[in-house]
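# Examination of the molecular architecture
Next come the chains, spelled out residue by residue.
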Amino acid sequence: METLEDLKAIRDNATEGKTHVCIEGKEISYWNDDDCDCLAISGDGIYLSGMRSLSDIERIIELMELLKDITENEDLDDCRFLAVERVLK
């Protein structure tokens, strides 16, 4: 499982126009719908191995940062209110 810093690095290293990341071990490649870098052929057809959406990664980052904010604040009632407010935006 990646840390918040790992996910930010994945997001920040994506070149413009790329929508997905393919992570195979330590190798990371970025691609979009027109690329086929992560396609693999199996007996059952084509599948994506190690593929993740950059928009999903961005949302995970947002949620991890929100959780970090909540856990670092001692006034949990205020944090719960802020968490709900942020999620509803």
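Since this is a predicted model, take the numbers as computed values, not measurements.

Time to look at the overall build of the protein chain. On a plain count of helices and strands, the protein chain comes out with 3 helices and 5 strands. Counting from the amino terminus, the protein chain carries its helices and strands in the arrangement α-β-β-β-β-β-α-α. For the protein chain, the residues scored as buried account for 19% of the 89 residues in total. Here the contacts in the protein chain between residues at least 6 apart in sequence split such that 43% fall between residues at least 24 apart. About 6,700 Å² of surface is accessible on the protein chain, with carbon and sulfur atoms providing 52% of the total.

If you trace the backbone, R11 turns up in helix 1 (residues 4-12). Looking at R11, the relative accessible area reads 28%, which means it is partly exposed. Residues R11 and Y30, 19 residues apart in the sequence, show an inter-C-alpha distance of 9.9 Å. Those residues within four positions of R11 in sequence are excluded, and the remaining contacts are E58 and I61.

The next point concerns the side chain of S53. Mapped onto the elements, S53 comes out in strand 5 (residues 51-53). For S53, a relative accessible area of 15% gives the class buried. Other than its neighbours up to four places away in sequence, S53 contacts T19 and H20.

If you look at the biggest cluster of nonpolar residues, it comprises 8 residues: L4, L7, I10, V21, Y30, L54, I57 and I61. Of all elements in the fold, only helix 1 and helix 2 (54-72) reach the threshold of two or more residues within this core. Residues in contact with L4, not counting those within four places in the same chain, are I61, M64, E65 and K68.

Right, let's get into the sheet that holds strand 1 (residues 20-24). What the 3 strands build is an open sheet, ordered 2-1-5; its pairing is antiparallel. Across the chains shown, the open sheet's two edge strands, defined by having one partner strand only, are strand 2 (27-31) and strand 5. Recorded for the sheet is a direction-independent mean angle of 25° between the axes of neighbouring strands. In the sheet, strand 1 pairs with strand 5 via 3 bridges, with the strands oriented antiparallel. Among the inter-strand pairings, V21 is bridged to a residue of strand 5, identified as R52.

The rules behind the values
- Residues numbered from 1 in each chain as written.
- Predicted model: local features only at pLDDT ≥ 70, side-chain atom pairs only at ≥ 80, totals over all residues.
- Heavy atoms only, no water.
- Helix = DSSP H or I, 4+ residues; strand = E, 2+ residues; numbered from the N terminus.
- Buried < 20%, exposed > 50% of the residue type's maximum accessible area, 1.4 Å probe, protein only.
- Contact = heavy atoms within 4.5 Å.
- Areas by Shrake-Rupley, 256 points an atom, 1.4 Å probe, with all protein chains shown as cover.
- Core = buried A, V, L, I, M, F, W, Y, C linked by side-chain atoms within 4.5 Å.
- Pairing = 2+ DSSP bridges.
- Axes fitted to C-alpha atoms, helices over the stretch in contact; angles between N-to-C directions.

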